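As a plain string of letters, each chain reads:
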Amino acid sequence: MVRRMRRLVAVLVGGLAATLVAVATAGPATAAPKPPPAGVDITGDGLAEPLRLRAESHPQHVGAVIDQVNFLPGIGQKTGPKAADLGPKYTIVVLAGDTPKQTFDLYPKAKGGPRVFRPAKQPDNRKTSAGWFLGRLSMSETLRTAGVPLEREFDTVSGGVGGGERVIPEDALDPARDIDEALGEMQRLLLLNGAVVLVITLGLAGIALLIRRRTS
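These notes cover the structure that comes with them. (Residues numbered from 1 in each chain as written. Predicted model: local features only at pLDDT ≥ 70, side-chain atom pairs only at ≥ 80, totals over all residues. Heavy atoms only, no water.)

## Brief notes about the packing of helix 2 (residues 59-66) against helix 3 (residues 139-146)
Right, on to step 1. Contact geometry for helix 2 and helix 3: axes closest at 10 Å, N-to-C directions at 150 degrees. With respect to helix 3, the element helix 2 is oriented roughly antiparallel. The interaxial crossing formed by helix 2 with helix 3 has left-handed handedness. Contact residues: helix 2 offers H61, A64 and V65, while helix 3 offers T142, T145 and A146.
Right, on to step 2. A breakdown of the residues in the contact of helix 2 with helix 3 according to their chemical character gives three nonpolar, three polar and no charged. (Axes fitted to C-alpha atoms, helices over the stretch in contact; angles between N-to-C directions. Helix = DSSP H or I, 4+ residues; strand = E, 2+ residues; numbered from the N terminus. Parallel < 35°, antiparallel > 145°, perpendicular 65-115°, else oblique. Left-handed = near helix turned anticlockwise from the far one by under 90°. Contact = heavy atoms within 4.5 Å. Nonpolar A, V, L, I, M, F, W, Y, C, P; charged D, E, K, R; others polar.)

Structure representation (C-alpha cells):
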C-alpha cells in the first residue's frame, strides 16, 4: 500500500512539473496583428508643399514630431494668445498607415513659449473638444530638423512642458515589436497563473486521495 501511494505521488509530481515547464517555455499562441506604421504630414508657413514623413523612411523625425502632441491632456484652455503673438503656424496630421487620425496646429514661435491648438473636428471623427496647450520648448528645433524652414535655436537644451530637446534612437521606434512583446509577456503570465492554480488543485486532489485510501 505504501509503495503504491509513493508511486502515485511521484507520477503526480512529475506530471505537474512537466506542465509547468511546458507553460513557461510556450510562446504566444497567435501573433498580434501589426499596427500600420505611423506617419506625419506637415503644412504651414514657408512650405511650398506638405512634408510627408513616414516611419519607414524617417522614424526619428516621425517619433519626435508625434512626441510634441502625444502628452496633451484631455481638456485644454478655451482661449489662446492673441493672433499677433502666435507667429508662424504649422499644421500636423498624424496618420496610421495612410489613414489620418489626428490633427494639431503648432506655433513654435508664439510669444511666451510654444503653443499647440487641438481642433474639435478630428479626421477620425473622435469626440474631443477644442483647446489650447503649452507646447514643448523643443518644438521649433524638432520641426526644423524635420524639414520646416525655421531658424536654428541653440538655447533649447532641456526643461519645458514634458521636457526639452531629445534624441530618439532608431531602434526604439518600433511600436509593433513593443506591442507583440507586451502581449506575449501578458499571455505567458496568464498561462503561468493558470498553471499555478492547476498545480494547487491537483495537489489538493492528490492529498485527499491519499488520505482517503489511507483511512479506508
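## Describing the packing of aromatic side chains
Right, on to step 1. What the rule picks out here adds up to two aromatic pairs.
Right, on to step 2. Between F117 and W132 the ring centres are 4.9 Å apart and the planes differ by 45 degrees, which places this aromatic pair in the tilted class. Taken together, the positions of F117 in strand 5 (residues 115-118) and W132 in strand 6 (residues 131-134) put the pair 15 residues apart, joining distant regions of the chain. For the residue pair F117 and W132, the accessibility class agrees, reading buried in each case.
Right, on to step 3. Through successive ring pairs, a cluster of aromatic residues spans Y107, F117 and W132. (Phe/Tyr/Trp six-rings, centres within 6.5 Å; stacked < 30°, edge-to-face > 60°. Buried < 20%, exposed > 50% of the residue type's maximum accessible area, 1.4 Å probe, protein only.)

## Observations regarding a nonpolar patch on the surface
Right, on to step 1. On the surface, a nonpolar cluster with roughly 480 Å² of combined accessible area is contributed by V196, I200, L204, I207 and I211.
Right, on to step 2. As for its placement among the helices and strands, L204 is situated in helix 4 (residues 175-215).
Right, on to step 3. Residue classification places L204 among the exposed positions, given a relative accessible area of 56%. (Patch = residues over 30% accessible without salt bridge, like charges linked within 9 Å, V, L, I, M, F, W, Y side chains within 5 Å. Areas by Shrake-Rupley, 256 points an atom, 1.4 Å probe, with all protein chains shown as cover. Salt bridge = Lys/Arg side-chain N within 4 Å of Asp/Glu carboxyl O.)

## Things to note about the sheet that holds strand 5
Right, on to step 1. If you trace the six strands from one edge of the open sheet to the other, you get 2-1-3-4-5-6, paired in antiparallel fashion. Here the strands that pair on one side only, and so sit at the sheet edges, are strand 2 (51-54) and strand 6. Each neighbouring strand pair of the sheet contributes to a mean axis angle of 25 degrees, computed without reference to strand direction.
Right, on to step 2. Note: strand 4 (residues 99-107) against strand 5, three bridges, orientation antiparallel. Its bridge partner lying in strand 5, L106 is registered against V116. (Pairing = 2+ DSSP bridges.)

## Some words on the side chain of R136
Right, on to step 1. Relative to the helices and strands, R136 resides in the loop between strand 6 and helix 3.
Right, on to step 2. At 2.8 Å, the side chain of R136 forms a polar contact with the backbone oxygen of D67. (Polar contact = N/O pair within 3.5 Å; in protein donor to acceptor, adjacent residues only side chain to side chain.)

## Observations regarding the environment of W132
Right, on to step 1. Looking at W132, the relative accessible area reads 13%, which means it is buried.
Right, on to step 2. Remark: the alpha-carbon pair of W132 and L72, spanning 60 residues in sequence, is separated by 9.7 Å.
Right, on to step 3. Once residues lying within four places of it in the same chain are set aside, the contact partners of W132 are G76, Q77, K78, T79, G80, P81, L86, Y107, R115, V116 and F117.

## A few points about the pairing of strand 3 (residues 90-96)
Right, on to step 1. Judged by how many residues are buried, strand 3 sits mostly within the fold: five of seven residues are covered.
Right, on to step 2. As paired elements, strand 1 (residues 38-44) and strand 3 share seven bridges and run antiparallel to each other. Looking at the pairing, V40 lines up with V94 of strand 3.
Right, on to step 3. One ladder, built from seven bridges, connects strand 3 with strand 4; its direction is antiparallel. The partner of A96 across the bridge, within strand 4, is T99.
Right, on to step 4. Hairpin connection from strand 3 to strand 4: two residues lie between these consecutive antiparallel strands, with G97 at a positive phi of about 70 degrees.

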